[in-house]
Structure formats: C-alpha cells, structure tokens
Amino acid sequence: HGSSASKSFSTNGCGGGGGGPSTAPPAKVQSWTKVTPGAATIMKDFNSEIGVKQIQITVNNEAQNVKVSVTKYDGKPADVSVTKTGKVYQYLQINVDNVAGKLDKANVQFRVEKTWATTNNVNKDKVVVSKFDSTSSKWNELTTTYASEDSTYYYYDVELTSFSYFVISEKSVVGDTGTGAGTGGAGTGAGTGGGSLTWLWIVIVVVVAAVIWFLMSKKK
C-alpha cells in the first residue's frame, strides 16, 4: 500500500458518579504515518457495537499523519439539532484528520444487526445511511447499496467525499407530508363538488318550474 500504520483502539463504558452520561461512547481510532495515492488504505476490525465494518480511503496526494475516528452514539448526538424520523439503528460520527484537499473518496461499509431489522420490521432493502447537514439542519439520505449479509449482519456500501455525523435508519416514507396535502386536496375537491351539486339542483328546480308553468299555461 505504500503506507505505514499504527493502531489505537479504545472502548469507553459509562461515566463516573453523579449519574451523568457516558464520558464517551464506544469508539475506534486508527492512524497512519503516511497515506499515498493509488491504493485504498483500509481500516477495519471495528468494535462489534459500531455499525461500520470497514472504511477504504483513497487520496489524490500524499497525506501525512492521517487519523480516522469512528464514534457510536446511543442516541442523538448533542451537536445534532434534528432527530432522524422513523426507526433508527445507530447514530455515528466519522472524522478523518489531515486529508483536507487530498481526499479522493472514502468507501464505507456500514452494517446492521439482523435482529434489529426483524424486531423493528424493517426490510433489508429499506435501510439507508443519512448524513447530517449542519447548514440546513437536516438529514440527507445517501445512496446506500445493499452489499451482502452473514448470520449476524446486513452490509451496505456508501461512498463519501466528506465526513460528519451519520445515522443508519429505515428509509423515509416518500411523501410523509402527503396526509396534510391530501386533506387539503380533499377539502378543495369537496368544496368544488358541493358547489357543482348546488348549481345542479338550481338548474333542476328552474327546469321543473318552467315545465309546470308551461303545463299550467296550456290548461288555461
């Protein structure tokens, strides 16, 4: 690969006294002294609690002291202002240091436990990885490709060109605002239909009145 690496791995449990939250969630950090263009540098052997199997990083210029860190959260991270709708498997943060202006792409393989998918009635084809956009304060669903599975996990491939907070969840239902729109549409339709019906009755009454007047005139 033309790169040398030194690994550091840490898993943190619950925080100290006072009933406060964990000082830090389970995390995996790996560093390289040098990453060269041409061949993807692979980071793997993640903590089983983390929803990532491996990350392949490709650079277009030599990068020194590259550090990749992946952090798993049990709930929405404090720095994220919006909770992802639907059933959420896991929130994650992926950081890559010292690759600014040198990163070509990163291919990340995420993983989801089959027991979670079964328990939450989420089909394997309905799983998506989303990236948090802090500028617009929203989650953007990424192209998530089902890759494979084993006895424990489903695996999904996602290509990234930048890093942030991510969430693995079920895909959003297309047109979740459709209920409101549908109600409005129904109201409009009902109003239009009601108006048409009123005019129809007026026409019928006028026609009947005209017929009665005509018959009465003939009798005279």
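Residues numbered from 1 in each chain as written. Predicted model: local features only at pLDDT ≥ 70, side-chain atom pairs only at ≥ 80, totals over all residues. Heavy atoms only, no water.

Caption draft 1: Representation of the overall build of the protein chain. The number of helices and strands found in the protein chain is two helices and twelve strands. Start at the N end of the protein chain and walk to the C end: the helices and strands fall as β-β-β-β-β-β-β-α-β-β-β-β-β-α. When the 220 residues of the protein chain are sorted by exposure, 33% land in the buried category. When the accessible area of the protein chain is evaluated, it comes to approximately 12800 Å², of which 55% is carbon and sulfur surface. (Helix = DSSP H or I, 4+ residues; strand = E, 2+ residues; numbered from the N terminus. Buried < 20%, exposed > 50% of the residue type's maximum accessible area, 1.4 Å probe, protein only. Areas by Shrake-Rupley, 256 points an atom, 1.4 Å probe, with all protein chains shown as cover.)

Caption draft 2: Main features of the packing of aromatic side chains. All told, the structure shown has eight aromatic pairs when counted by the stated rule. Ring centres of Phe110 and Phe166 lie 6.4 Å apart, and the angle between their planes is 50°; on these two criteria the pair is classed as tilted. Taken as a pair, Phe110 in strand β7 (residues 103-113) and Phe166 in strand β12 (residues 165-170) lie far apart in primary sequence, 56 residues in all. For Phe166, a relative accessible area of 1% corresponds to the buried category. Ring centres of Tyr146 and Tyr156 lie 5.9 Å apart, and the angle between their planes is 65°; this geometry places the pair in the edge-to-face category. Placement of Tyr146 in strand β10 (residues 145-149) and of Tyr156 in strand β11 (residues 153-160) is noted, with a sequence separation of ten residues between them. Residue Tyr146 is classed as partly exposed on the basis of its relative accessible area of 28%. For the cation-ring pair, Lys28 lies above Phe46, with the distance from its terminal atom to the ring centre recorded as 5.1 Å. Its end group placed over the ring of Tyr155, Lys53 keeps NZ or CZ at 4.6 Å from the ring centre. (Phe/Tyr/Trp six-rings, centres within 6.5 Å; stacked < 30°, edge-to-face > 60°. Lys NZ or Arg CZ within 6 Å of the ring centre and 35° of its normal.)

Caption draft 3: View of the environment of Tyr153. Tracing the backbone through its elements, the reader meets Tyr153 in strand β11. Classification of Tyr153 as buried rests on a relative accessible area of 11%. Spatially, the C-alpha atom of Tyr153 lies 4.5 Å from that of Glu113, the residues being 40 residues apart in sequence. Those residues in contact with Tyr153, other than ones at most four positions away along the chain, are Ser48, Arg111, Val112, Glu113, Lys114 and Ser148. A polar contact is formed between the side chain of Tyr153 and the backbone oxygen of Ser48, at a distance of 3.2 Å. (Contact = heavy atoms within 4.5 Å. Polar contact = N/O pair within 3.5 Å; in protein donor to acceptor, adjacent residues only side chain to side chain.)

Caption draft 4: A look at the pattern of salt bridges. Enumeration over the complete set of coordinates arrives at six salt bridges. Lys67 is the salt-bridge partner of Asp97, the closest N and O atoms lying 3.9 Å from each other. Separated by 30 residues along the polypeptide, Asp97 in strand β6 (residues 88-97) and Lys67 in strand β5 (residues 63-73) bring together distant segments of the chain. Residue classification places Asp97 among the partly exposed positions, given a relative accessible area of 32%. The closest approach of N and O atoms between Lys84 and Glu141, which form a salt bridge, is 3.6 Å. (Salt bridge = Lys/Arg side-chain N within 4 Å of Asp/Glu carboxyl O.)

Caption draft 5: Seen up close, unusual backbone geometry. A positive phi angle, close to 60°, is found at Asp45, a residue other than glycine. With a relative accessible area of 53%, Asp45 lands in the exposed category. If you check the backbone angles, Asn121 has positive phi at about 55° while not being a glycine.

Keep in mind that these numbers describe shape and distance, not what the molecule does.
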